[in-house]
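For reference, the chains in residue letters:
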Amino acid sequence: MSLGLYVHIPFCSAICNYCNFNRGLFDAALKDRYVAALLNEIETSGDGSDADTIYFGGGTPSLLEPAEVKAIIDGCRRSWMVAADAEITLEANPETVTPERVAGLRAAGVNRLSFGVQSFRDVELQRLSRLHSAHKAVEAFQIARREGFDNISLDLMMWLPQQSVAQWLESVDALIALRPEHASMYLLEIYPNAPLRDAMARGQWSVAPDDDAAEMYLSGFERMERAGYGQYEISNAALPGRESRHNLKYWTDGEWLGFGCGAHSTRNGMRWKNVAATEEYISAVTAGGHVTTDRRLLTGEERREEALFMGLRLAAGLDLQGMKNRYGVDVWDEYGGELQSFVDAGLLVYDGRSLRMPRSGMLLAHEVMTVFIRSTVR
Ligand code: SF4
């Protein structure tokens, strides 16, 4: 399988009150130095191997100038054998979108945009301290279409403060009306020190009960399915053939290299990550030093377990013969005793050849997957 290349852009125009990603406030001078460091890292680590996806994640990669995106893509092409038909995705925030910028990104080689929409209801976007409105999200999508993007993904979040099931489904319907090729739909997780917690206390906002969260998840993906989108992973649905080629590498035991601060890589059984702090990353690259930390060889057991629980995220589930061929493990012999109760509860389907979670099981995916994690967690 060809490599996936991930490029991390850690800058945002404002910090959203629920965000736990590796990001900081945009600073033009810092961004210039960061892009130079990124190019340096990419060009000094290439070995000409095949790659067929590039993914700009963040942060807010759409804050980069199209010329900078082009320089990074060109750098990847010089360092790796990037396929002519590579999927090149860039995450974009709606408020950064103008026709000129989108046209520039397309000319730079980006062929897939992933918009962080989160909600099509303004009041919900305001509670999340997002900078865009629902109208702007629709406009950004339409601009991207007009500028020739025929592969667009939209992100939505459910279980937002004060959100009812019906209000969540309004956003799902608004997404379907736009007909993007792909959608990611996540339950909002509010981490312990998130500023959103304070805002919720001040505003006396609450989230709907757990049963409603389950209803949001199940009815959201059912509605997507009725509209022609296949749910192929716990949080992702796509029109036929439009699954994210890059993200599939994470779930199908693939290999990828990450560039930029905090980016992770997995290749040849090795796993490592780059230093997380932006300044530290720039200094290390500029000094020609090590940007990677925690480099280690995964044990055979870790690789097998990871292949199991990542593979189970997919709606197609695990091909048991494939697992046996690749890892020499008979999954049911090894784990069946612990998995049987999930099968009995209808949260897992075992037919002798494959093991998969129906949608109701995906809601409790963590519990099911824990069975496979013996070496790293237990
Ligand atoms: S735009 Fe995205 S990465 Fe940036 S702060 Fe908001 S949620 Fe986090």
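Here the structure is shown first, and the text comes after it.
Not measured: the values here are computed from a predicted model.

J.: It is not clear to me how the site of the ligand should be interpreted in this structure. Could you clarify?
T.: Close contacts around the ligand come from C12, A14, I15, C16, Y18, C19, F21, G59, T60, N93 and R130, and that covers them all. In terms of residue class, the shell around the ligand is built from 7 nonpolar, 3 polar and 1 charged.

J.: What is the right way to look at the layout of surface pockets in this model?
T.: To find the voids left in a structure, one rolls a probe of water-molecule size over its atoms. If you add up the space inside the second largest pocket, you get close to 350 Å³. Forming the boundary of the second largest pocket are 20 residues, of which E41, S45, V291, T292 and R295 lie nearest the centre. Element by element, the count of residues in the lining of the second largest pocket is highest for helix α1 (residues 28-45), at 4 residues. For the lining of the second largest pocket, the class distribution of residues is 7 nonpolar, 10 polar and 3 charged.

J.: What's the story with unusual backbone geometry in this structure? I'm lost.
T.: Most peptide bonds take the trans form, and the phi angle of most residues other than glycine is negative. With an omega of 15 degrees, the peptide bond between G58 and G59 qualifies as cis. For G59, the location among the structural elements is in the loop between β4 (50-58) and α2 (66-79). Despite not being glycine, D294 shows a phi value in the positive range, around 55 degrees.

J.: Looking at this structure, how should I read empty space enclosed by the protein?
T.: Enumeration according to the criterion identifies 1 cavity of 30 Å³ or more in this entry. If you add up the space inside the largest cavity, you get close to 50 Å³. Lining the largest cavity we find S13, A14, C16, N93, E95, R130 and L131. Classifying every residue of the lining of the largest cavity gives 3 nonpolar, 2 polar and 2 charged.

J.: It is not clear to me how the side chain of R359 should be interpreted in this structure. Could you clarify?
T.: Structurally, R359 is set in helix α14 (residues 359-362). A relative accessible area of 16% means that R359 is categorised as buried. In this structure the side chain of R359 is engaged in a polar contact, spanning 2.7 Å, whose partner is the side chain of E225. Of the polar contacts made by the side chain of R359, one reaches the side chain of Q231; its length is 2.6 Å.

J.: Looking at this model, I keep getting lost on the sheet that holds strand β16 (residues 349-350). Mind explaining?
T.: Note: strands within a sheet are paired through backbone hydrogen bonds, in either parallel or antiparallel orientation. Spatially, β15-β17-β16 is the arrangement adopted by the 3 strands of the open sheet, whose pairing is antiparallel. In this open sheet, the two strands that pair with only one neighbour each are β15 (318-319) and β16. Strand direction decides the pairing type here: β16 and strand β17 (residues 354-356), joined by 2 bridges, are antiparallel. Paired with Y350 across the bridge in β17 is L355.

J.: Looking at this model, I keep getting lost on a nonpolar patch on the surface. Mind explaining?
T.: Nonpolar side chains collect at one region of the surface, where L187, L363 and L364 lie side by side and expose about 200 Å² of accessible area between them. Along the chain, the position of L363 falls in the loop between α14 and α15 (365-370). The exposure class of L363 is partly exposed, given its relative accessible area of 30%.

J.: How do you make sense of the packing of aromatic side chains when you look at a structure like this?
T.: The relation between two aromatic rings is expressed through the spacing of the ring centres and the mutual angle of the planes. Evaluation of the coordinates by the stated rule reveals 10 aromatic pairs. Aromatic pair Y6 and Y55: ring centres 6.2 Å apart, planes at 15 degrees, arrangement stacked. Taken together, the residues Y6 in strand β1 (residues 3-9) and Y55 in strand β4 connect sequence positions 49 residues apart. Summarising the burial analysis for this pair, Y6 and Y55 share the class buried. Among the aromatic residues, ring-to-ring pairing joins F11, F26, Y34 and Y281 into one connected group.

J.: Please clarify how helix α11 (residues 300-311) should be interpreted in this entry.
T.: A turn of α-helix holds 3.6 residues, and therefore any two residues three or four places apart point the same way. Compared with an ideal rise of 1.5 Å per residue, which puts 12 residues at 16 Å, α11 spans 16 Å between its outermost C-alpha atoms and is within 8% of the ideal. Those residues of α11 not exposed but buried are E302, R304, E305, A307, L308, F309, M310 and G311. For α11, the elements touching its buried residues are α9 (245-251), β14 (292-297), β15, α12 (320-327), α13 (331-344) and α15.

Procedures and definitions
- What you see as residue numbers is a count from 1 along each chain, following the sequence as written.
- With pLDDT at 70 or above as the cut-off, local features in this predicted model cover only qualifying residues; side-chain atom pairs require 80 or more to be listed or tallied, and sums for whole chains, interfaces and linings still use all residues.
- As a rule here, side-chain values cover all heavy atoms of the structure and leave hydrogens and water aside.
- In this text, near means that some heavy atom of the residue lies within 4 Å of the molecule or strand in question.
- Note that Gly is not counted as nonpolar here; it falls among the polar residues with everything else outside the nonpolar set of Ala, Val, Leu, Ile, Met, Phe, Trp, Tyr, Cys and Pro and the charged set of Asp, Glu, Lys and Arg.
- A 1.4 Å probe that fits into a set of points on a 1 Å grid over the protein atoms alone but cannot get out defines a cavity; an open set with protein on both sides within 12 Å along at least five of seven lines defines a pocket, and lining residues are those with an atom within 4 Å of a point.
- Grid points are joined across faces, edges and corners, and a volume is the space filled by probe spheres set on the points.
- In this text, helices come from DSSP runs of H or I with a minimum length of four residues, and strands from runs of E with a minimum of two, each type numbered from the N-terminal end.
- Exposure categories follow from relative accessible area, calculated using a 1.4 Å probe and restricted to protein chains: below 20% of the type maximum is buried, above 50% is exposed, and the middle band is partly exposed.
- For the purposes of these results, a polar contact is taken to be a pair of N or O atoms within 3.5 Å, where, inside protein, one atom must be able to donate a hydrogen and its partner to accept one; residues adjacent in sequence count only when each atom of the pair is a side-chain atom.
- Any two strands are treated as partners once DSSP identifies two or more bridges connecting them.
- Within the patch definition used here, like charges are joined within 9 Å and nonpolar side chains (Val, Leu, Ile, Met, Phe, Trp, Tyr) within 5 Å, considering only residues with over 30% relative accessible area and no salt bridge.
- Note that accessible areas follow from Shrake-Rupley with a 1.4 Å probe, and for residues the cover is restricted to the protein chains shown.
- A carboxyl oxygen of Asp or Glu within 4 Å of a side-chain nitrogen of Lys or Arg is what we treat as a salt bridge.
- Pairing of aromatic rings covers Phe, Tyr and Trp, the last counted by its six-membered ring, and requires centre-to-centre distances within 6.5 Å; plane angles under 30 degrees mean stacked, over 60 mean edge-to-face, and any other angle means tilted.
- Helices are assigned an expected span. That span is 1.5 Å times one less than the residue count.
- Residue contacts are defined here by distance: any two heavy atoms, one from each residue, within 4.5 Å place the two residues in contact.

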